[in-house]
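# Analysis of the macromolecular model
Listed below are the residues making up each chain.
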Amino acid sequence: MIQTVRGTRDILPEEIPLWLRVEEVAREAFRRYGFREIRTPIFEKTELFARGVGQATDIVHKEMYTFIDRAREDREGESLSLRPENTAPVVRAYIQHRMYAEKSLGELTRLYYIGPMFRRERPQAGRYRQFYQVGAEVLGPSDDPLIEAEVIEMLDWFLKELKITNTTLSINSVGDPRLRAEYLEKLRSAIRPHLQNLCPECRERYQTNALRVFDCKIETCRPVIETLPTILDSIDEASREHFEDFKRHLDARGIAYTINPRMVRGLDYYTRTAFEITGDSNLGAQNQIVGGGRYDGLSETLGGPPTRGFGFAFGLDRMVMLLPDAEQERVRQAAAPDVFIVFLGEAARDQAFKAAREMRSAGIAVLLELEERKLKKAMATAAKSGARFALIIGQDEIEQGKYRLKNLQSEEQQLLELAEVIKTCSII
Ligand code: HAM
């Protein structure tokens with residue numbers, strides 16, 4: 001039997017209502033805060049991620065699905081990659097379509113996306129090779145920390161609306177990368193005496209991009225990382241003021257946070273504000289649900305005009321896992337059919353399909369089986385379907401021109417004409 005590829009999975013129909021609910025609340029949050037949707041391709045030129053996310057990051061260096069496209073007579077095959085994230089593609093689109101010149105909605109361009117991303121990580125619960133992100137990016141000339149606080153306020157509303165509590169917002173500032181040389185020197189000097197105790201990858205990171213040592217998840221490297229000078233202690237004055245302002249805006253909104261001076265995030269484009277939201281133990285080790293930050297200068301790196309940017313993405317797979325049981329139950333219930341029609345006798349069959357047709361055109365979700373069943377069996381199927389009502393059509397009912405509508409929760413029954421059935425079933 002052919003099965004799904006390791007690290008990928010089918011999202012089955014029982015799960016879909018939960019996914020749709022998270023997406024629906026996300027879209028509502030984006031609508032309220034002025035974000036418009038963008039859909040970019042699933043694959044892009046490898047160079048976009050190498051330049052945008054950074055060649056030395058794990059994501060680009062180890063985890064990308066890269067392939068050489070077929071050559072044409074006049075051209076060599078080019079290197080393409082499945083997108084491991086969507087900030088670089090969105091900034092590419094912003095530049096390519098000159099969105100910076102389009103000012104009809106004001107100076108800021110607010111974009112959001114929902115879709116699959118691909119990273120060749122070791123699969124675990126909550127960690128997949130094809131996973132889904134919901135993300136948002138604010139692009140434009142301003143780096144006002146108010147933008148950041150407002151985006152986090154939106155996330156706060158979103159989590160509350162989904163009844164997700166027990167999350168922690170961690171923030172940090174990684175300063176201005178152009179003024180990072182002195183810190184990097186200090187960091188390398190601090191790492192040097194411990195090189196023997198670090199994993200081979202950290203030793204490599206020490207050579208290529210020392211900041212990435214903070215990304216290491218290997219237990220034996222942790223004690224060394226704990227002793228290293230933090231980036232927050234070394235940021236430039238302007239970045240420090242920016243961070244203070246950002247915190248003030250969060251305080252003003254009553255949004256709680258902790259400062260994590262060792263959080264550098266695993267992508268090279270971040271400048272100044274970086275943040276993560278983690279969930280509770282439900283997710284095990286994969287408890288980082290939201291990640292984001294500022295990335296002034298990414299546009300320039302990709303050949304675009306000077307642009308400031310701030311955004312985030314969350315893992316849809318992980319967000320769905322965080323939905324509390326009661327909320328999952330409510331959402332699944334709401335997705336069940338409204339009515340299950342039970343018919344008894346051949347004559348009732350046509351009547352049942354006719355009633356179904358009329359009810360459906362009135363907007364009611366109706367389920368019925370093709371063949372007649374024994375009443376008991378049919379009622380058991382109706383109950384299992386999760387439908388709110390069973391509509392029973394038998395010989396008696398046809399003769400009377402009325403139908404028996406049973407509320408499957410209260411067990412109450414009524415004999416009603418079809419118009420009344422439709423009215424009753426339409427009330428939520
Ligand atoms: P990221 O932290 O790499 O950031 O990913 C964001 C979120 O995607 C994570 O917090 C996690 O929930 C989810 N995620 C990542 N990898 C996996 C995986 N293998 N399986 C399941 N879920 C996963 C970014 O991607 C940045 N582009 C975010 C951003 C937008 N920064 C600024 N704008």
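Above this text is the structure in question.
Procedures and definitions
- Residues numbered from 1 in each chain as written.
- Predicted model: local features only at pLDDT ≥ 70, side-chain atom pairs only at ≥ 80, totals over all residues.
- Heavy atoms only, no water.
- Helix = DSSP H or I, 4+ residues; strand = E, 2+ residues; numbered from the N terminus.
- Buried < 20%, exposed > 50% of the residue type's maximum accessible area, 1.4 Å probe, protein only.
- Contact = heavy atoms within 4.5 Å.
- Areas by Shrake-Rupley, 256 points an atom, 1.4 Å probe, with all protein chains shown as cover.
- Polar contact = N/O pair within 3.5 Å; in protein donor to acceptor, adjacent residues only side chain to side chain.
- Axes fitted to C-alpha atoms, helices over the stretch in contact; angles between N-to-C directions.
- Left-handed = near helix turned anticlockwise from the far one by under 90°.
- Nonpolar A, V, L, I, M, F, W, Y, C, P; charged D, E, K, R; others polar.
- Pairing = 2+ DSSP bridges.
- Core = buried A, V, L, I, M, F, W, Y, C linked by side-chain atoms within 4.5 Å.

As a further point, take the overall build of the protein chain. Per the secondary structure count, the protein chain includes 16 helices and 16 strands. Viewed in the frame of its principal axes, the protein chain has a C-alpha envelope of about 90 × 60 × 50 Å. Across the 428 residues that make up the protein chain, the buried fraction comes to 48%. For the protein chain, long-range pairs separated by at least 24 residues make up 69% of all intrachain contacts whose partners lie at least 6 apart in sequence. Carbon and sulfur atoms form 50% of the exposed surface of the protein chain, whose accessible area is close to 21,800 Å².

Okay, the side chain of Asp-338 next. Mapping Asp-338 onto the fold places it in the loop between α12 (325-335) and β12 (339-343). Polar contacts involving the side chain of Asp-338 include one to the main-chain amide nitrogen of Ala-365, which spans 2.8 Å. Discounting residues that sit within four places of it in the chain, Asp-338 has contacts with Gly-363, Ile-364, Ala-365, Ala-387, Arg-388 and Phe-389.

The next thing to look at is the packing of helix α1 (residues 16-32) against helix α5 (residues 145-161). Two elements in contact, α1 and α5, have axes whose closest approach is 10 Å; the angle formed by their N-to-C orientations is 145°. Relative to α5, α1 is oriented so that their crossing is right-handed. Of the residues in α5, those touching α1 at Arg-21, Val-22, Val-25, Ala-26, Glu-28, Ala-29, Phe-30 and Arg-32 are Met-154, Trp-157, Phe-158 and Glu-161. Of the residues that constitute the contact of α1 with α5, the class distribution is eight nonpolar, no polar and four charged.

With that settled, consider the sheet that holds strand β16 (residues 413-416). Taken in spatial order, the five strands line up as β13-β12-β14-β15-β16 in an open sheet, and their pairing is mixed. Only two strands of the sheet have a single neighbouring strand rather than two, namely β13 (366-368) and β16. In this sheet, adjacent strand axes meet at a mean angle of 25° when their direction is disregarded. Across four bridges, strand β15 (residues 403-407) lies against β16 in antiparallel orientation. Pairing of Tyr-403 across the sheet is with Leu-416, part of β16. The strands touched by helix α14 (residues 375-384) are β12, β14 (389-393) and β15; relative to β12, the strand with the most contacts, the crossing angle is about 170°.

Here we take up the nonpolar core. Among the nonpolar cores identified, the biggest contains 92 residues, and Phe-275, Phe-312 and Met-319 are the most heavily contacted of them. The biggest single contributor to this core is α5, with eight residues. Ala-348, Leu-418, Val-421 and Cys-425 belong to the second largest nonpolar core, which has 21 residues in total.

Turning next to the sheet that holds strand β5 (residues 109-118). One open sheet holds the eight strands; their spatial order is β1-β5-β6-β11-β10-β9-β7-β8, and the pairing between them is mixed. Two strands close off the open sheet at either side, each with one partner strand: β1 (36-37) and β8 (258-259). Here β1 runs beside β5; their pairing, made up of two bridges, is parallel. Each residue of the ladder has a partner; that of Glu-37, found in β5, is Tyr-112. Of the strands in this sheet, β1, β5, β6 (130-140) and β11 (308-315) touch α1, which is tilted by about 0° from β6. Together, β5 and β6 form the strand contacts of helix α4 (residues 87-96), whose direction differs from that of β6 by roughly 40°.

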